[in-house]
2 protein chains.
Amino acid sequence: MSVTAAQGFTAAGIAAGIKENGTPDLALVVNNGPRLAAAGVFTSNRVKAAPVVWSEQVLKGGTVSAVVLNSGGANACTGPLGFQDTHATAEKAAEALGHNAGEVAVASTGLIGLRLPMDKLLPGIDRAAAELTGHGGEKAAIAIKTTDSVHKTAQVTVGGTTGGGWTVGGMAKGAGMLAPGLATMLVVLTTDADLPAAELDTALRAATRTTFDRVDSDGCMSTNDTVLLLASGASGVVPDTAEFAEAVRTVCDDLARQLIGDAEGASKDIRIEVVGAASEDDAVEVGRSIARNNLLKCAIHGEDPNWGRVLSAIGTTSAVFEPDQLNVAINDIWVCKNGSVGEDRDLVDMRYREVRITADLAAGTESAVIWANDLTADYVHENSAYSS
Amino acid sequence: MSVTAAQGFTAAGIAAGIKENGTPDLALVVNNGPRLAAAGVFTSNRVKAAPVVWSEQVLKGGTVSAVVLNSGGANACTGPLGFQDTHATAEKAAEALGHNAGEVAVASTGLIGLRLPMDKLLPGIDRAAAELTGHGGEKAAIAIKTTDSVHKTAQVTVGGTTGGGWTVGGMAKGAGMLAPGLATMLVVLTTDADLPAAELDTALRAATRTTFDRVDSDGCMSTNDTVLLLASGASGVVPDTAEFAEAVRTVCDDLARQLIGDAEGASKDIRIEVVGAASEDDAVEVGRSIARNNLLKCAIHGEDPNWGRVLSAIGTTSAVFEPDQLNVAINDIWVCKNGSVGEDRDLVDMRYREVRITADLAAGTESAVIWANDLTADYVHENSAYSS
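Think of each chain on its own: its residues are numbered from 1, step by step along the sequence as written. Both sets of labels track the order of writing: A upward for chains, 1 upward for ligands. Local features in a predicted model are, by the rule used here, given only for residues with pLDDT of at least 70; side-chain atom pairs are given and counted only at 80 or more, and totals for whole chains, interfaces and linings are based on all residues. The side-chain numbers reported here are obtained from all heavy atoms of the structure, hydrogens and water having been left aside.

1. Observations regarding the overall build of chain A
Inference 1: Per the convention used, a helix needs a DSSP run of H or I reaching at least four residues, while a strand needs a run of E reaching at least two, with both numbered from the N terminus. Looking only at helices and strands, one finds 10 helices and 15 strands in chain A.
Inference 2: Rg of the C-alpha trace for chain A: 21 Å, near the compact-globule value of 21 Å for 388 residues, within the 12% margin.
Inference 3: For chain A, the C-alpha atoms occupy an extent of roughly 65 × 50 × 35 Å along the three principal directions.
Inference 4: The classification of residues rests on relative accessible area computed with a 1.4 Å probe and restricted to protein chains. Under 20% of the type maximum is buried, over 50% is exposed, and intermediate values are partly exposed. Considering chain A as a whole, with its 388 residues, one finds that 61% of them fall into the buried category.
Inference 5: Expressed as a percentage of contacts within chain A between residues at least 6 apart in sequence, the contacts between residues at least 24 apart total 79%.
Inference 6: Per element, the accessible surface of chain A, about 13,000 Å² overall, is 49% carbon and sulfur.
Inference 7: Positive charges come from Lys and Arg alone, negative charges from Asp and Glu alone, with His and the N- and C-terminal ends not counted. Just so you know, the charge point we use is NZ for Lys, CZ for Arg, CG for Asp and CD for Glu. One way to put it: in chain A the 29 positive side-chain charges average out to a point 4 Å from where the 48 negative ones average out. C-alpha atoms define the radius of gyration in this analysis, and the globule rule sets the expected value at 2.2 Å times the number of residues to the power 0.38. In what follows, residue pairs with any heavy atoms lying within 4.5 Å of each other are defined as contacts. Each accessible area is a Shrake-Rupley estimate made with a 1.4 Å probe; only the visible protein chains count as cover when residues are assessed.

Here it is, written out as structure tokens:
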């Protein structure tokens, strides 16, 4: 599992003292080649953290030899000095590893608006470099946690591990600010497949578009979201393009589902499927509108199949539909038919964590799935106390 | 105060038995003329309740002789039978009052997706008609409450009440689904000024654009929002256009502020002022994005001046700004300057109910104010239990 499942990668995770509580907070992932190809997708928030600005530049070259990740501070809204801190981080890792700093990506997560304690972070990089191993992936996944209750890893191996096969593995963190354009979400994927940066980019963008970009836990878009895919080529296998894209999508989907399952304060995971849409864009717009409706999210928390709130959310969109043709199912019971009362809402069983909402726009054949969470008193508590 | 402050109006509020708990749930407001001019603004939700569809048609004629309002049921998503119920309500009121049903507006509020108990509502109209008085405005305001903890009324009198003057009064309800395009919000304004429907319409649209349309308690847009302005002409005074527009705006602003002050579960009223914007549209877009950021709303609840969440909300908009020129003040302390750390956040005193956020885009001279509420465990509780 994790970023060391694929051949050619080493990783480490340590407690550098960035977090005051002494838990792991610094991860290092190193690509030992022979290839150093990479692709990246970043937040679409216009207020970007310093490490995002840095790593976007690094990724333009299509080569990444190492990734330094820290929790305990986002290094966002920290001005020119914050950018210098990111630069120094990359330089330090390059020095410790004998790499080129221009090929070292950096990712940070934590509170916005605070400088990182560089007196802790820089020595930590030396220590992490000394602890790099081929099975360090789990420790790395643990070190990037913030309010995550568990670390998240995933893996797909195609063609068997005994020869001729290849692997895509990865790790993720993210528990709040989960929304499109990605979400206080740091993800590193690795593969030993032998592919150039351009093909990695195509596969990664296709995968994130229908996975991480369709996770909308709380409608809040982060300043730090980063998803990287690194290829070592160590398996010597050039995979089929479609097969590789599907493997990347599967790992992203697995990690995205884990993020929703561990979202801050959530008690329900809500799978919103919009069907019968005139276009995929319509389906996504309607899905997001439902996903972000606080009143509906409260109702789901209360195990109340309140389909009226689904309809009021659909009604705020510009999608093609007629109000008197809308159909809504909650856990497969069609509680709303033709925009009005349908099957008995008492038939809906909402005792389990996963809740499925199906919205049929009756306007076409396109569809999309958005994952969201309910809104709970625990979410309020966790996020009203986070920075103190 | 309320809808009977202006001359020429009578009103009543009774318990018709629509609400199972026996509290008042039916209001009647009657314009006794000599003029019967009216204007209306309705929800922009495409899923519109039956009374909205009905009243939009009535208002096209520019004449309203009476308004029937009920709490205890929204009559939304109730199909053709729900529309027949609204029609029957208008017919019944017309019969009881000797009016034309095509000049009777209807407004409903409560749970979506349930038919109204017409066996209770129709006899209630006869009883309400029998109780109409020139000081029934307060009873009418009480009868339209749903989860409102207090009833809301307001009044402006221009030129003295002893002669030559005129009055704008009104009532409002609304405590959840408060967002632009109006919000489970029912408002009836009355005036004894002598003005035709077209002038009422101009004044009402100008007023709602910067008052009710800039209230964003929870980002949720209702299916039932209705704001009506009725003129009796009973004062015999034709007011100055600008003075009248300002009076209507003042009453709307007063009522809008009362809605925020009584929003479901809220512990803080947040005044978000966006300044230095390149356009008013930019200012409103940024203000709404801040108003709807759940993480920020939680932070405000926790009295945490978390300006990083303000910046991350601004960053999701398409407004003109440079991230490193943004400034943010919370309760007049400029905690963020030039996109980075500003004055000491410990200077911010957030103990009081009203919290003022100022976001300076440093891109122009336009501005806008949006009112919002914090996100609390009480909001979650109230809205996870509402329909059960």
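2. A short note on the pattern of salt bridges
Inference 1: By convention in these notes, a salt bridge is any Lys or Arg side-chain nitrogen within 4 Å of a carboxyl oxygen on Asp or Glu. Per the counting criterion, the structure on display carries 36 salt bridges over all chains.
Inference 2: Note that Asp148(A) and Lys152(A) form a salt bridge whose closest N and O atoms lie 2.6 Å from each other.
Inference 3: For Asp148(A), a relative accessible area of 5% translates into the label buried.
Inference 4: Lys152(A) sits in the buried class, given a relative accessible area of 1%.
Inference 5: Of the charged contacts in the structure, one is a salt bridge between Asp85(B) and Arg115(B), with a shortest N-O distance of 2.8 Å. Note that Asp85(B) is positioned in helix 2 (residues 79-97) and Arg115(B) in the loop between strand 5 (104-108) and helix 3 (118-130), a separation of 30 residues in sequence.
Inference 6: You can call Asp85(B) buried: its relative accessible area is 7%.
Inference 7: Under the relative-accessibility criterion, Arg115(B) is labelled partly exposed at 44%.
Inference 8: Linked through salt bridges whose partners overlap, the residues forming this network are Arg257(A), Asp269(A), Arg353(A) and Glu354(A).

3. Details of helix 3 of chain B
Residues and elements named next belong to chain B.
Inference 1: What a helix should span is 1.5 Å times the count of its residues minus one. Its 13 residues give helix 3 an end-to-end C-alpha distance of 19 Å, which sits within 8% of 18 Å, the value for a rise of 1.5 Å per residue.
Inference 2: Considered for burial, the residues of helix 3 that qualify are Met118, Leu121, Gly124, Ile125, Ala128 and Ala129.
Inference 3: Of the surrounding secondary structure, the elements contacted by the buried residues of helix 3 are strand 1 (9-14), strand 2 (26-31), strand 4 (66-70) and helix 2.

4. A short note on the relation of the copies chain A and chain B
Inference 1: Alignment of copies: least-squares fit on C-alpha atoms of residues with pLDDT of at least 70 in both copies. Laying chain A over chain B is done by rotating through 180° and shifting 0.0 Å along the axis; what remains is an RMSD of 0.1 Å. One copy is carried onto the other by what is essentially a two-fold rotation axis. Looking at the rotation axis and the C-alpha trace of chain A, the residue lying nearest is Ala377(A), at 2.1 Å.
Inference 2: The overlap is high: 100% of the interface residues of chain A also sit at the interface in chain B, so the same surface is used on both sides.

5. Overview of the packing of helix 8 (residues 294-301) of chain A against helix 10 (residues 377-384) of chain B
Inference 1: Axis lines are fitted to C-alpha atoms, over the contacting stretch for helices. Their N-to-C directions set the angle, which ranges from 0 to 180 degrees. One can describe the packing of helix 8 of chain A onto helix 10 of chain B by two numbers: an axis separation of 7 Å at closest approach and a directional angle of 70°. The angle between helix 8 of chain A and helix 10 of chain B falls in the class roughly perpendicular. Of the residues in helix 10 of chain B, those in contact with Asn294(A), Leu295(A), Cys298(A), Ala299(A) and His301(A) of helix 8 of chain A are Tyr379(B), Val380(B), Asn383(B) and Ser384(B).
Inference 2: Residues are sorted three ways: Asp, Glu, Lys and Arg are charged, Ala, Val, Leu, Ile, Met, Phe, Trp, Tyr, Cys and Pro are nonpolar, and all the rest, Gly among them, are polar. Classifying every residue of the contact of helix 8 of chain A with helix 10 of chain B by side-chain character gives five nonpolar, four polar and no charged. Orientation categories follow fixed angle ranges, with anything under 35 degrees roughly parallel, anything over 145 roughly antiparallel, 65 to 115 roughly perpendicular, and all other angles oblique.

6. As for the interface of chain A and chain B
Inference 1: Every contact between the two is made by 51 residues of chain A and, on the other side, 51 residues of chain B.
Inference 2: Here chain A and chain B share an interface that buries about 3,900 Å² over both sides, 60% of which is from carbon and sulfur atoms.
Inference 3: Along the contact surface separating chain A from chain B lie zero salt bridges.
Inference 4: Any N or O atom pair separated by 3.5 Å or less is treated as a polar contact, with the protein-specific requirement of one donor-capable and one acceptor-capable atom, and with residues adjacent in sequence counted only for side-chain atom pairs. Here chain A is connected to chain B by 13 residue pairs in polar contact (both at pLDDT 80 or more). Once two parts are joined, some of their accessible surface, as seen by a 1.4 Å probe, is lost; buried area is that loss totalled over both.

7. Quick word on unusual backbone geometry
Inference 1: Omega for the peptide link from Gly33(A) to Pro34(A) comes to 15°, which places this bond in the cis form.
Inference 2: Looking at the element boundaries, Pro34(A) is found in the loop between strand 2 (26-31) and strand 3 (37-42).
Inference 3: Its identity as a non-glycine residue notwithstanding, Asp332(B) has a phi of 75°, on the positive side.
Inference 4: Take Asp332(B): it is sitting in the loop between strand 11 (327-330) and strand 12 (333-337).

8. As for the pairing of strand 6 (residues 152-158) of chain B
Residues and elements named next belong to chain B.
Inference 1: Where burial is concerned, most of strand 6 is hidden: five out of the seven residues are buried.
Inference 2: Here, strands pair whenever DSSP counts at least two bridges between them. Direction of pairing for strand 6 relative to strand 7 (residues 166-173): antiparallel, over a ladder of seven bridges. From the neighbouring strand, Thr153 faces strand 7, where its bridge partner is Met171.

9. Quick look at the domain arrangement of chain A
Residue and element names in this part refer to chain A.
Inference 1: Start and end positions for the domains come from either an automated domain assignment or a database one. Along its sequence, chain A is organised into domain 1 (2-261) and domain 2 (269-384).
Inference 2: Computed over C-alpha atoms, the centres of domain 1 and domain 2 are 33 Å apart.
Inference 3: Contacts between the two partners involve 14 residues from domain 1 and, on the opposite side, 17 residues from domain 2.
Inference 4: Summed over both partners, the interface of domain 1 with domain 2 buries about 1,300 Å², with 38% contributed by carbon and sulfur atoms.
Inference 5: Counting every contact that joins domain 1 to domain 2 gives four salt bridges.
Inference 6: A salt bridge links Glu280 to Arg209, with the nearest nitrogen and oxygen atoms 3.3 Å apart.

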